[in-house]
Amino acid sequence: MTEVDLPIWVQILVSVLVLGGTLITLIGALSLFRLPSYYERVHTPSIIACAGCWLIVWSSVFFFSLQSHKPSFHTLLIAVLLSVAVPITNIFLMRAALFRDRRMGKDVPPSLSRIVSANPEGNDA
């Protein structure tokens, strides 16, 4: 592939988007140490990581589109799949944690399901 010199404004735009995405992702990773409960730790970093991923993907779209002089949206698939997979995974992780905490008798919201008992001894009153 031949090397193409991009205008300085494109280089600055791509650099700002990549740096912004990495800083947002770093903030999400550092929040794992600051947040007190599991439910906060599983939610916040995933949302922030998705935002950081979108900035990095958009920088990639701009870079490859302007380098090849045609639209290049193939990297958007990464962000779309990540934005769909992360919330679904978080739902399953939080439900598993709620199920475990209910079985251990911790103070969590009661189950709304009639299939699984919220009472660890199985004595529903």
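Residues numbered from 1 in each chain as written. Predicted model: local features only at pLDDT ≥ 70, side-chain atom pairs only at ≥ 80, totals over all residues. Heavy atoms only, no water.

Attention shifts here to the UniProt feature "transmembrane region" (unreviewed entry) in the protein chain. On the UniProt side, "transmembrane region" (unreviewed entry) is annotated at positions that read residues 6-33, 45-66 and 72-94 here. Across residues 6-33, helical content stands at 93% and strand content at 0%; the span's end C-alpha atoms are separated by 40 Å. Taken as a whole, residues 45-66 contains 100% helix and 0% strand, while its terminal C-alpha atoms sit 32 Å from one another. (UniProt positions renumbered as here; feature names shortened; annotations may be inferred. Helix = DSSP H or I, 4+ residues; strand = E, 2+ residues; numbered from the N terminus.)

Another point: helix α1 (residues 8-34). For α1, with 27 residues, the first-to-last C-alpha span of 39 Å sits near the 39 Å given by 1.5 Å per residue. Buried positions along α1 lie against α2 (38-68). (Expected span 1.5 Å × (residues − 1). Contact = heavy atoms within 4.5 Å.)

Throughout the structure, instances matching the rule amount to 3 aromatic pairs. A centroid spacing of 6.1 Å and a plane angle of 40° characterise the contact between Trp58 and Phe62, whose relative ring orientation is tilted. You can see Trp58 and its partner Phe62 sitting in helix α2, 4 residues apart, about one turn around the helix. Judged by its relative accessible area of 34%, Trp58 falls in the partly exposed class. Ring centres 5.2 Å apart and planes at 80° place the aromatic pair Phe63 and Phe64 in the edge-to-face group. (Phe/Tyr/Trp six-rings, centres within 6.5 Å; stacked < 30°, edge-to-face > 60°. Buried < 20%, exposed > 50% of the residue type's maximum accessible area, 1.4 Å probe, protein only.)

This brings us to the nonpolar core. Residues Cys53, Val57, Val61, Leu76 and Ala79 constitute the largest nonpolar core, which totals 5 residues. Sorting the residues of this core by element identifies α2 and α3 (76-103) as the ones contributing at least two each. Top element by residues in this core is α2. It accounts for 3 residues. Leave out the neighbours within four places in its chain, and Ala79 touches Cys53, Trp54 and Val57. (Core = buried A, V, L, I, M, F, W, Y, C linked by side-chain atoms within 4.5 Å.)

Right, let's get into a nonpolar patch on the surface. On the surface, a nonpolar cluster with roughly 870 Å² of combined accessible area is contributed by Ile8, Trp9, Ile12, Leu13, Val16, Trp58, Phe62, Leu66 and Phe73. Examining the composition of the nonpolar patch, we find that 5 residues originate from one element, α1, more than from any other. (Patch = residues over 30% accessible without salt bridge, like charges linked within 9 Å, V, L, I, M, F, W, Y side chains within 5 Å. Areas by Shrake-Rupley, 256 points an atom, 1.4 Å probe, with all protein chains shown as cover. Salt bridge = Lys/Arg side-chain N within 4 Å of Asp/Glu carboxyl O.)

Quick look at the packing of α2 against α3 now. Packing of α2 against α3 brings their axes to within 10 Å, and their N-to-C directions diverge by 175°. Between α2 and α3, the interaxial angle falls into the category roughly antiparallel. Residue-level contacts link Tyr38, Tyr39, Val42, His43, Ser46, Cys50, Cys53, Trp54, Val57, Trp58 and Val61 of α2 to Leu76, Ala79, Val80, Leu82, Ser83, Val86, Asn90, Leu93, Met94, Ala97, Leu98 and Asp101 of α3. Class assignment of the residues belonging to the contact of α2 with α3 gives a composition of 18 nonpolar, 4 polar and 1 charged. (Axes fitted to C-alpha atoms, helices over the stretch in contact; angles between N-to-C directions. Parallel < 35°, antiparallel > 145°, perpendicular 65-115°, else oblique. Nonpolar A, V, L, I, M, F, W, Y, C, P; charged D, E, K, R; others polar.)

Right, let's talk about the pattern of salt bridges for a bit. Counted according to the given criterion, the structure contains 2 salt bridges. Between Arg100 and Asp101 there is a salt bridge, with its nearest N and O atoms 3.4 Å apart. With a closest N to O distance of 3.8 Å, Lys106 and Asp101 form a salt bridge. Overall, Lys106 belongs to the partly exposed group, its relative accessible area being 45%. One network of salt bridges, with partners in common, ties together Arg100, Asp101 and Lys106.

A word on unusual backbone geometry. In this structure, His69 takes a positive phi of about 60° despite not being glycine. Its location among the elements puts His69 in the loop between α2 and α3. With a relative accessible area of 67%, His69 lands in the exposed category.

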